[in-house]
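Breakdown of the fold
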Amino acid sequence: MQLSLFGGTFLRLDDDGTPLPLDDDERFGTAAKSPWVAKASGFDVHAGVTVRQGDREGLGRLLRYCARPPFALERISLLPDGRVAYLLRKPRNNGATHRVADPNDERVRAEKGAKKVLLRNVIETKFDLVMRPIAERVLASAQLPLLSADAFFNETLFHELSHSLGPAFTQKDGKKVEVRAALESSHSAIEEAKADVMGAYNILFMIKRGEFPKDFRDKLLVSYFAGLFRSTRFGVAEAHGKGSAMQINRFLEEGAASSTPAGRFTVDLAKLEASIGRLVHDICMLQHAGDKKAADALLDEYGVTSEPMAKALSKLEGIPVDLRPIYPLAGE
Ligand SMILES: [Zn+2]
């Protein structure tokens, strides 16, 4: 999640976080009227405060103000609709009490980019307690040595980075809209699948450029494929689960992976690499076109629990679906 108030809006909220009506729309703020205030490069520059020579206390106050962090954690809250609210120091003239922003606002991504925070110890623990036990039951034993914690970590990292790549806007009825608005209910599953498969694609690209060692390729391909079974356990009713089912079934159809009757999978490394490229292409093109019909069709056909998948999933009982990190410093 990225926190930026750049794309947000001013709202008045009650105690439960429900927006209340405002006197007027102050959404885009009013132009500064004071001669001491100016807007420059996204900052409000304020020259109305002076510290006189020798005023050590005033200087201390100013320094504390300059040194404070940009956000105070205790003023941030999460609203029931997933948006982030930041409590204002004092209500605005129209009664607005909070600045409210959507963490996935594409306008922010388009103008400012995105920042991601990943916790390596959480991902490594997920690998040990969830990923490895799954792979041990669904991969053919000959390919199990290619399973790699490092590949799992990088696939997770590049999944997140890939959410910030690709088409974000498209056309609908002659107007520029976010891809999510065009693809509607199919957007989340398509976007999660895109992040997975484009993550793998980008790592393969980095290997070709020499940013990762050559022998990372096979590990990445096998670990990425096995990782899809981890996500399908969230269920095909959920975006990550539906997105990974779609990838698995595409790869099975294209011969990039095959399974034994006992539900163990073998990856065809060359074919999987080619399939990854095709799927990235297909998803980006339908997002670019805002083609909801194509998105629905792709998910209807492939985002389902196919027979080989069901067999594999039935063997995973007893392995945790996911972990919930505990943050002791936050009082947990
Ligand atoms: Zn994602």
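The notes below deal with the structure included here. Only a predicted model underlies this, so the values are computations on that prediction, with no experimental measurement involved.

**As for the packing of helix α6 (residues 187-208) against helix α9 (residues 269-289)**
The interhelical angle for the contact between α6 and α9, taken along N-to-C directions, is 135°, at an axis separation of 9 Å. Overall, the two elements α6 and α9 adopt an arrangement that is oblique. Note that α6 runs across α9; the crossing there is left-handed. Judged by residue contacts, I190, A193, K194, V197, M198, A200, Y201 and L204 of α6 engage E273, I276, G277, L279, V280, I283 and Q287 from α9. Considered class by class, the residues forming the contact of α6 with α9 number eleven nonpolar, two polar and two charged.

**Some remarks on unusual backbone geometry**
With a phi angle near 50°, D173 is a residue other than glycine that sits in the positive phi range. Mapped onto the secondary structure, D173 falls in the loop between β8 (169-172) and β9 (175-178). Even without a glycine there, the phi angle at E184 is positive, about 50°.

**Section: the sheet that holds strand β5 (residues 76-78)**
Pairing in this open sheet of five strands is antiparallel, and the strands run β2-β1-β7-β6-β5 from one edge to the other. At either end of the open sheet lies a strand with only one pairing partner, and these are β2 (19-20) and β5.

**Looking at the packing of helix α3 (residues 120-138) against helix α7 (residues 216-232)**
Helix packing for two helices is described by the angle between their axes and how far apart those axes are. Where α3 contacts α7, the two axes come as close as 9 Å, and the packing angle between them is 105°. One element, α3, and the other, α7, form an angle in the roughly perpendicular class. Listed contacts from α7 to V130, M131, I134, A135 and V138 of α3 are A226, G227, F229 and R230. Of the residues assigned to the contact of α3 with α7, the class counts are seven nonpolar, one polar and one charged.

**What to know about the environment of V49**
Mapped onto the elements of the fold, V49 is located in the loop between β4 (43-46) and α1 (56-67). Sequence separation between V49 and Q247 is 198 residues; the distance between their C-alpha atoms is 59 Å.

Criteria and cut-off values
Residues numbered from 1 in each chain as written. Predicted model: local features only at pLDDT ≥ 70, side-chain atom pairs only at ≥ 80, totals over all residues. Axes fitted to C-alpha atoms, helices over the stretch in contact; angles between N-to-C directions. Helix = DSSP H or I, 4+ residues; strand = E, 2+ residues; numbered from the N terminus. Parallel < 35°, antiparallel > 145°, perpendicular 65-115°, else oblique. Left-handed = near helix turned anticlockwise from the far one by under 90°. Contact = placed C-beta atoms within 7 Å. Nonpolar A, V, L, I, M, F, W, Y, C, P; charged D, E, K, R; others polar. Pairing = 2+ DSSP bridges.

None of this, on its own, says anything about what the molecule does.
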